[in-house]
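Remarks on the overall topology
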Amino acid sequence: MSTTATVVTVLAALWVGFSAFSLLRRAEWVVKPLVDYGVPRSWWTWLGAAKAAGAVGLLAGLFVPVVGVAAGIGLVLYFAGAVVTVLRARSYSTVVFPLLYMGPVVAALALGYLL
């Protein structure tokens, strides 16, 4: 794996990990939109845990590539689901936020695992 791929993967994992941490600590700027989108509170911990597991999986993928690929695919699906949730809530102005988290994961997959 190239240095660029490693750096992008670590940055993507940190970015997704920050998102997971923010959700798990119930940061106002994270949970208010979830309420607006109609995401049940009972899902929040599981969603945060899924993001955290994906971030750890990306880092583990630096040593075991198949784990990184699985984590990356899982995170892309997670954030695609987030895009669908935002669109179903008709909150078109906020659809960019899940895409901002998905982008670095796609870049990490492309640079490190799929090319």
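Report on the accompanying structure. It should be emphasised that the depicted structure is a prediction, and the values quoted were computed from it without experimental measurement.

Glancing now at the overall build of the chain. Secondary structure summary: the chain contains 5 helices and 0 strands in total. In sequence order, the secondary structure elements of the chain are arranged as α-α-α-α-α. At 14 Å, the chain has a C-alpha radius of gyration in line with the 13 Å of a compact globule built from 115 residues. When contacts within the chain are restricted to residue pairs at least 6 apart in sequence, long-range pairs at least 24 apart make up 65% of them. For the chain, the exposed surface amounts to about 6,600 Å²; the carbon and sulfur share of it is 73%.

The next subject is the packing of aromatic side chains. Throughout the structure, instances matching the rule amount to 5 aromatic pairs. Ring centres of W15 and F18 lie 6.0 Å apart, and the angle between their planes is 15 degrees; this geometry places the pair in the stacked category. With W15 and F18 both in helix 1 (residues 3-24) and 3 residues apart, this pair spans about one turn of that helix. Judged by centre distance (4.6 Å) and plane angle (20 degrees), the ring pair of W15 and Y101 falls under stacked. Placement of the pair is W15 in helix 1 and Y101 in helix 5 (residues 96-114), with a sequence separation of 86 residues. Among the aromatic residues, ring-to-ring pairing joins W15, F18, W29, Y78, F79 and Y101 into one connected group.

On to helix 2 (residues 28-37), then. One turn of the α-helix equals 3.6 residues, which is why residues spaced by three or four share an orientation. Restricting attention to buried positions, one finds in helix 2 the residues V30, V31, L34 and Y37. The buried residues of helix 2 occupy one face: seen down the axis, they fall within an arc of 120 degrees. What points out from helix 2, more than 90 degrees from its buried face, is the exposed set E28, W29 and D36. At its buried positions, helix 2 is contacted by helix 1, helix 3 (41-60) and helix 4 (65-88).

This brings us to the packing of helix 1 against helix 3. Relative to each other, helix 1 and helix 3 sit at 160 degrees, their axes nearing to 8 Å. Taken together, the axes of helix 1 and helix 3 lie roughly antiparallel to each other. Of the two elements, helix 1 crosses helix 3, and the hand of that crossing is left-handed. Residues T9, V10, A12, A13, V16, G17, S19, A20, L23 and L24 of helix 1 touch helix 3, and the partners they reach there are W44, T45, L47, G48, A49, K51, A52, A55, L58 and L59. Along the lines of polarity and charge, the residues of the contact of helix 1 with helix 3 split into 14 nonpolar, 5 polar and 1 charged.

Let us now look at the pattern of salt bridges. Charged atoms that come close allow side chains of opposite charge to pair. Evaluated as defined, the whole model comprises 1 salt bridge. The salt bridge involving K32 is made with D36; its shortest N-O contact spans 3.0 Å. With K32 and D36 both in helix 2, this residue pair falls 4 residues apart, about one helical turn. You can call K32 partly exposed: its relative accessible area is 45%.

About the cut-offs
- Residue numbers here run from 1 along each chain, matching the order of that chain's written sequence.
- The predicted origin of the model limits local features to residues at a pLDDT of at least 70 and limits the giving and counting of side-chain atom pairs to 80 or more, whereas totals for whole chains, interfaces and linings rest on all residues.
- To obtain the side-chain values, all non-hydrogen atoms of the structure were used and water was disregarded.
- Each helix corresponds to a stretch of at least 4 residues labelled H or I by DSSP, and each strand to a stretch of at least 2 residues labelled E; elements are numbered beginning at the N terminus.
- Only C-alpha atoms enter the radius of gyration; for comparison, a globular chain is expected to reach 2.2 Å times N to the power 0.38, where N is the number of residues.
- Any two residues whose heavy atoms approach within 4.5 Å at even a single point are treated as in contact.
- Residue exposure ignores everything except the shown protein chains as possible cover, and the areas themselves are Shrake-Rupley values with a 1.4 Å probe.
- Pairing of aromatic side chains requires ring centres within 6.5 Å, counting the rings of Phe and Tyr and the six-membered ring of Trp. Pairs whose planes differ by under 30 degrees are stacked, by over 60 edge-to-face, and all others tilted.
- Buried means the residue's accessible area, taken with a 1.4 Å probe over protein chains only, is under 20% of the maximum for its type, while exposed means over 50%, and partly exposed covers the values in between.
- Here the arc refers to the set of directions running from the helix axis out to each C-beta atom.
- An axis is simply a line fitted to the C-alpha atoms; with a helix, the fit covers only the stretch in contact. Between two such axes, the angle follows the N-to-C directions and lies from 0 to 180 degrees.
- Every angle not falling under 35 degrees, over 145, or within 65 to 115 is termed oblique; those three ranges are roughly parallel, roughly antiparallel and roughly perpendicular.
- Two helices that cross are described as forming a left-handed crossing if the nearer one is turned anticlockwise from the farther one by less than a right angle, and a right-handed crossing if clockwise.
- Note on residue categories: nonpolar means Ala, Val, Leu, Ile, Met, Phe, Trp, Tyr, Cys or Pro, charged means Asp, Glu, Lys or Arg, and polar means any other residue, Gly included.
- The working definition used for a salt bridge is a side-chain nitrogen of Lys or Arg within 4 Å of a carboxyl oxygen of Asp or Glu.

Such coordinate-based values are descriptive only and should not be taken to indicate function.
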